[in-house]
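Next come the chains, spelled out residue by residue.
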Amino acid sequence: MKKKYDFDLFTIGAGSGGVRASRFAANLGVKVAIAEKASLGGTCVNVGCIPKKLFSYAAHMREEFDDTVGYGWSIKEADFNWARLVENKNIEIERLNKIYQNLLENPGVKILPDHATIVGPHEVSVGGHVYSADRILIATGGEPFIPQFPGNEHVYSSNEAFFLKELPKKVLVVGGGYIATEFAGIFNGLGCETTQIYRGAMFLRGFDLDARVFLSDEMRNKGVNLEFNNDISAIEKNADGLHVKLKDGQMIKTDSVMYATGRKPLTSNLGLDSCGVKTDPANAVIVDSNYQTNVESIYAIGDVTNRVNLTPVALAEGMALVAHLYSDRSRPVSYENIPCAVFSQPNLACVGYTEESARQNFSEISIFKSSFRALKNTLSGNAEKTLMKLVVNKANDRVIGAHMVGPDAGESIQGLAIALKAGATKAMFDSTIGIHPTSGEEWVTMREPSS
Ligand code: FAD
Ligand code: NDP
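Per chain, the residues get numbers from 1 upward, laid out in the order the sequence is written. To read the labels, note that chains go from A and ligands from 1, taken in the order they are written. Per-residue local features are limited, in this predicted model, to residues with pLDDT of at least 70; the limit for side-chain atom pairs, both in listing and counting, is 80 or more; totals at the level of whole chains, interfaces and linings are taken over all residues. Just so you know, side-chain values use all the structure's heavy atoms and leave hydrogens and water out.

Trainee: What should I look at first to understand the pairing of strand E13 (residues 251-254) in this one?
Mentor: Successive side chains on a regular strand alternate, one facing one side of the sheet and the next facing the other. Residues Ile252 and Thr254 point to one face of E13 and are all buried, whereas Met251 and Lys253, pointing to the other face, are not buried. Relative to E13, strand E12 (residues 241-246) runs antiparallel, the two being bridged by four bridges. In the strand pairing of E13, His243 is matched with Lys253. For two strands to be treated as a pair, DSSP must find no fewer than two bridges joining them. Secondary structure is summarised from DSSP: a helix means a run of H or I of at least four residues, a strand means a run of E of at least two, and numbering begins at the N terminus for each. Where E12 folds back on E13, the antiparallel hairpin that results is connected by four residues, among which Gly249 adopts a positive phi of roughly 100°. Relative accessibility decides the category of a residue: with a 1.4 Å probe and only protein chains considered, values under 20% of the type maximum give buried, values over 50% give exposed, and everything between is partly exposed.

Trainee: Where do I start with the site of ligand 2 in this structure?
Mentor: In the neighbourhood of ligand 2, 20 residues make up the surrounding shell, with Ile179, Tyr198, Arg205, Asn309 and Ala341 lying closest. In protein, a polar contact means a hydrogen-donor-capable atom and an acceptor-capable atom, both N or O and within 3.5 Å, with residues adjacent in sequence counting only if both atoms are side-chain atoms; elsewhere, any N or O pair within 3.5 Å suffices. Ile179 is positioned with one of its backbone polar atoms (N or O) 2.9 Å from an oxygen atom of ligand 2. Side-chain polar atom of Arg199 to an oxygen atom of ligand 2: 2.9 Å apart, as the coordinates give it. In this description, accessible areas are obtained by the Shrake-Rupley approach with a 1.4 Å probe, and a residue is regarded as covered only by the protein chains that are shown. Its free accessible area being 910 Å², ligand 2 has 77% of it covered by the protein chains. Looking at the shell around ligand 2, the element that brings in the most residues is helix H6 (residues 178-189), giving three residues. Near residues are defined by distance, with any heavy atom within 4 Å of the molecule or strand qualifying the residue.

Trainee: Explain the packing of aromatic side chains to me, please; I cannot follow it from the model alone.
Mentor: Each pair of aromatic rings is reported with the distance of its centres and the angle of its planes. Each Phe, Tyr or Trp ring, with Trp reduced to its six-membered ring, pairs with another whose centre is within 6.5 Å; inter-plane angles below 30 degrees give stacked pairs, above 60 give edge-to-face pairs, and intermediate values give tilted ones. Evaluation of the coordinates by the stated rule reveals 12 aromatic pairs. Three or more aromatic residues link up through ring pairs in this structure, and these residues are Phe55, Trp82, Phe162, Phe183 and Phe187. Geometrically, a charge over a ring is one whose NZ (Lys) or CZ (Arg) sits within 6 Å of the ring centre while staying within 35 degrees of the ring normal. One Lys or Arg, Lys31, reaches over the ring of Phe7 and ends 5.3 Å from the middle of that ring. We note Lys426 situated over the ring of Phe368; from NZ or CZ to the ring centre the distance is 4.2 Å.

Trainee: Could you clarify how one ought to interpret the pattern of salt bridges in this entry?
Mentor: Pairing between side chains becomes possible if they bear opposite charge and their charged atoms approach one another. Any carboxyl oxygen of Asp or Glu within 4 Å of a side-chain nitrogen of Lys or Arg constitutes a salt bridge here. Counted by the stated rule, this structure contains 16 salt bridges. Between Glu63 and Lys222 there is a salt bridge; the shortest N-O distance is 2.5 Å. Of this pair, Glu63 sits in helix H3 (residues 49-69) while Lys222 sits in the loop between helix H7 (209-221) and strand E10 (225-228), and the two are 159 residues apart along the sequence. According to the relative accessible area criterion, Glu63 is buried, its value standing at 18%. For Lys222, a relative accessible area of 19% puts it in the buried group. Between Lys369 and Asp210 there is a salt bridge, with its nearest N and O atoms 2.8 Å apart. Linking Lys369 in strand E19 (residues 365-372) with Asp210 in helix H7, this pair joins segments that are 159 residues apart in sequence. Classification of Lys369 by relative accessible area gives partly exposed; the value is 37%. Three or more residues are tied together by salt bridges with common partners; here these are Asp208, Asp210, Glu355, Arg359, Lys369 and Lys389.

Structure representation (structure tokens):
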């Protein structure tokens, strides 16, 4: 008997969520096709987490050269080659693209390297051919948002920042979120004269205020010019560079302006209207707790749903969806206590409640804080300091928030995230033996609350 559909599952978008869902489904014997209009691996692999972290390592290394002197090393003047960094990064990304291809092809996923448009509840058009599928999965991610203003054609987003032909001598980075803060650190570390402009009073809105202020001080100490409560009103391109007019009337001359003012779900040219898939005012696809849209056969996961826009969340949603649809084991995503890190210089990472959100949600909390100069920075002379902070619910002694600004903060917070998930109390932290000498031992030796 002829099968009713060409595929059981048709995934649009081979990014973090789409690849994970497709290969897990194929491993269970599901017949899967995946369409990708750009490169396999999506945002994270090609223009997101991975190249960003590689650039971040490169930027951090400048400081490490300086740090070695106090430890007895003499290093001839370091010389940085941007073109070599970009080229090596590209080679590594191509290697990852091939790994993604194998991850999909080995379990039998059919890859269609083209733009896909939904043309019916069970139909997807790719490259002029219409394929039918029992279910369609939208995993198209997001794209950078750049506001309208005179001269915005002269700016670029993170997508282009990864491929700049030359490293600018002077750069303005606009935005106060993850990407702007990470790139301000990258450009500054690589030796650019860097200004980060944010429209509000303190960047990284939503993160713990102490951590934000602490990071801003550290970034200023490292040479980033932080320009808060300001914004760009217009840009003119002249023979001597870009003339940038700020809202407070200042004029700044610069080589380059990067915008990182958020991302929007990628739902344009997707054919959502063809079968009435509902979106919210931000154009995010609306789904229920099983990632199903208002059209029974169509599902969506990851950034296109604009909920928690992080790779590990898209991966978890992909696995949860496949378990729900094709196995008898459910694997729901827990959206509580999702740890995260801003790969700024230094890193900021956290899990759980900020002090501000805890004060709103719990009747009594205690705050434990420690800020110190790490042992490594004694001989190096590096002035960088580290902040660690715990938020505790007094009613049951549970640690409900952990925040850190300092080297490899994400590595430290990843471990604490398990403790918070497990419901660890402050007494359990206190009874845990530290590892000496580490910065991490501070987590278990903060005895007196600061408030
Ligand atoms: P994506 O990974 O965006 O994949 C969507 C794919 O769909 C893309 O490949 C796109 O080309 C394709 N597509 C879109 N429309 C169509 C169509 N019509 N037809 C065919 N293909 C289509 N997250 C972290 O957890 N840690 C980090 O350090 C981190 N750093 C980041 C740094 C930057 C600069 C950026 C931009 C993002 C970063 N993120 C990070 C976020 C992370 O990249 C995303 O949350 C994640 O990639 C979302 O996965 P996704 O599967 O939803 O979408
Ligand atoms: P964010 O949402 O983190 O930050 C956007 C920033 O732009 C905010 O400071 C916002 O200000 C500002 N902004 C928004 N609109 C305007 C405007 N019209 N004019 C001026 N400023 C504006 O977005 P990003 O682009 O930095 O990153 C997108 C998402 O990607 C992140 O939210 C995160 O989910 C993910 N990501 C994760 C990373 C990680 O895990 N390390 C790294 C990079 C990205 P305000 O706060 O005032 O609204």
